[in-house]
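Read off the chains here:
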Amino acid sequence: MNIRRTTATALSLVRLFNGAVGLFLPRKMARQLGSPMAEDKTFVYPARMFGIRTLVLGADLLLVTGPRRNVVLKQAMLIHAVDTLAAFYAGRQGEISQQAAKLTTTISAVNTALAIASFAIESSEASPRP
């Protein structure tokens with residue numbers, strides 16, 4: 001497996017895992033984050049929305065080819081960069097625990113790095129050679 005497929009596949013697998021947890025096990029996801037939302041029924045709906053969004057994004061990275069793939073990779077960079085900032089901000093504002101903020105910021109930052117690497121590698125492979 002080449003490096004392009006490795007980075008995109010790693011990001012896809014992270015997305016698929018996190019999406020499945022959000023969709024099918026929202027309370028477990030909240031407990032893992034140390035959130036009292038685990039017992040709050042109002043958390044379930046947005047967690048499931050996060051879950052399906054993340055599953056679709058993970059599937060896109062595995063299945064989309066051709067020119068549309070470049071769009072998927074650009075979207076991945078934007079989505080994960082915003083997720084990273086949102087996790088960091090939530091921790092700073094006390095909206096989530098510091099432990100949860102560190103975990104979610106780190107996961108999102110790794111996802112951002114994988115998205116950037118996948119885009120950069122794919123773009124360099126698609127560029128014409130001199």
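Anything mentioned here points back to the structure above.
Keep in mind that what you see is a predicted model, and the values were worked out from it rather than measured.

A. Layout of the overall build of the chain. Across its full length, the chain carries 5 helices and 0 strands. The linear arrangement of helices and strands in the chain, starting from the amino end, is α-α-α-α-α. Buried residues in the chain amount to 37% of all 130 residues. For the chain, the share of sequence-separated contacts (at least 6 apart) that also reach a separation of at least 24 residues comes to 67%. Each charge sign in the chain was given a centre, from 15 positive and 7 negative side chains, and these centres are 3 Å apart.

B. Up close: the nonpolar core. By size, the foremost hydrophobic cluster in this structure holds 9 residues: Leu11, Leu61, Val64, Val72, Leu73, Ala76, Leu114, Ala115 and Phe119. For this core, the secondary structure elements donating two or more residues are helix H4 (67–92) and helix H5 (98–126). Beyond its immediate chain neighbours, meaning those up to four positions away, Phe119 contacts Asn70, Leu73, Lys74 and Met77. Val21, Met29, Ala30 and Phe43 belong to the second-largest nonpolar core, a separate cluster that totals 5 residues.

C. The packing of helix H3 (residues 44–63) against H4, seen in detail. In contact at an axis separation of 10 Å, H3 and H4 are set at 140° when each is read in the N-to-C sense. Classified by the angle between their axes, H3 and H4 sit oblique to one another. For the pair H3 and H4, the crossing hand works out as left-handed. Between H3 and H4, the contacting residues are Arg53, Leu57, Asp60 and Leu61 on the first element and Arg68, Arg69, Val72, Leu73, Ile79 and Asp83 on the second. Its residues assigned to classes, the contact of H3 with H4 shows 5 nonpolar, no polar and 5 charged.

D. Quick look at the environment of Ala120. Here Ala120 lies in helix H5. Its relative accessible area of 44% is what places Ala120 among the partly exposed residues.

E. Molecular detail of H3. Here H3 contains 20 residues, and its C-alpha end-to-end distance of 28 Å stays within 8% of the 28 Å for a straight helix at 1.5 Å per residue. Those residues of H3 that fall on the buried side of the exposure criterion are Val44, Ala47, Gly51, Thr54, Leu55, Leu57, Gly58, Asp60 and Leu61.

F. Layout of H4. In a regular helix each residue adds 1.5 Å, so 26 residues correspond to 38 Å; H4 covers 39 Å between its end C-alpha atoms and thus fits that length. Listing the buried residues of H4 in full gives Arg69, Val72, Leu73, Ala76, His80, Thr84, Ala87, Ala90 and Gly91. In the segment just after H4, Gly94 is the residue with positive phi, at about 75°.

G. Quick peek at the pattern of salt bridges. One pass over the full model with this rule turns up 2 salt bridges. Where Arg53 meets Asp83, a salt bridge forms, and the shortest distance between an N and an O atom there is 3.2 Å. With Arg53 in helix H3 and Asp83 in helix H4, this pair connects stretches of sequence that are 30 residues apart. Note on Arg53: relative accessible area 29%, which makes it partly exposed. Note on Asp83: relative accessible area 23%, which makes it partly exposed. The shortest N-O distance in the salt bridge between Arg69 and Glu122 comes to 3.1 Å. With Arg69 in helix H4 and Glu122 in helix H5, this pair connects stretches of sequence that are 53 residues apart. Residue classification places Arg69 among the buried residues on the basis of a relative accessible area of 3%. Using a relative accessible area of 17% as the deciding quantity, one classes Glu122 as buried.

Cut-offs and rules
Each chain carries its own residue numbering, running from 1 in the written order of its sequence. At least 70 in pLDDT is required for a residue's local features to be given in this predicted model, at least 80 for side-chain atom pairs to be given and counted, and no such filter applies to totals for whole chains, interfaces and linings, which use all residues. Side-chain metrics in this entry use all non-hydrogen atoms of the structure; hydrogen atoms and water are not considered. Secondary structure is summarised from DSSP: a helix means a run of H or I of at least four residues, a strand means a run of E of at least two, and numbering begins at the N terminus for each. Each residue is assigned to one of three classes by its accessible area relative to the maximum for its type, calculated with a 1.4 Å probe on protein chains only: buried under 20%, partly exposed between the two thresholds, exposed over 50%. Contacts are assigned to residue pairs that have any heavy atoms within 4.5 Å of one another. Charged residues are defined here as Lys and Arg on the positive side and Asp and Glu on the negative side; His and the ends of the chain fall outside this count. Throughout, a charge is located at the NZ atom of Lys, the CZ atom of Arg, the CG atom of Asp or the CD atom of Glu. In plain words, nonpolar cores are sets of buried Ala, Val, Leu, Ile, Met, Phe, Trp, Tyr and Cys residues tied together by side-chain atoms within 4.5 Å. Helix axes are fitted to C-alpha atoms over the stretch in contact, other axes to C-alpha atoms as well, and angles between N-to-C directions run from 0 to 180 degrees. Small angles under 35 degrees read as roughly parallel and large ones over 145 as roughly antiparallel, with 65 to 115 read as roughly perpendicular and the rest as oblique. Handedness of a helix crossing follows the sense of rotation of the near helix relative to the far helix, less than a right angle counterclockwise being left-handed and clockwise being right-handed. Residue polarity follows a fixed list, in which Ala, Val, Leu, Ile, Met, Phe, Trp, Tyr, Cys and Pro are nonpolar, Asp, Glu, Lys and Arg are charged, and the others, Gly among them, are polar. Given a helix with a known number of residues, its expected span is that number minus one, times 1.5 Å. Salt-bridge detection follows one rule: a side-chain nitrogen of Lys or Arg within 4 Å of a carboxyl oxygen of Asp or Glu.

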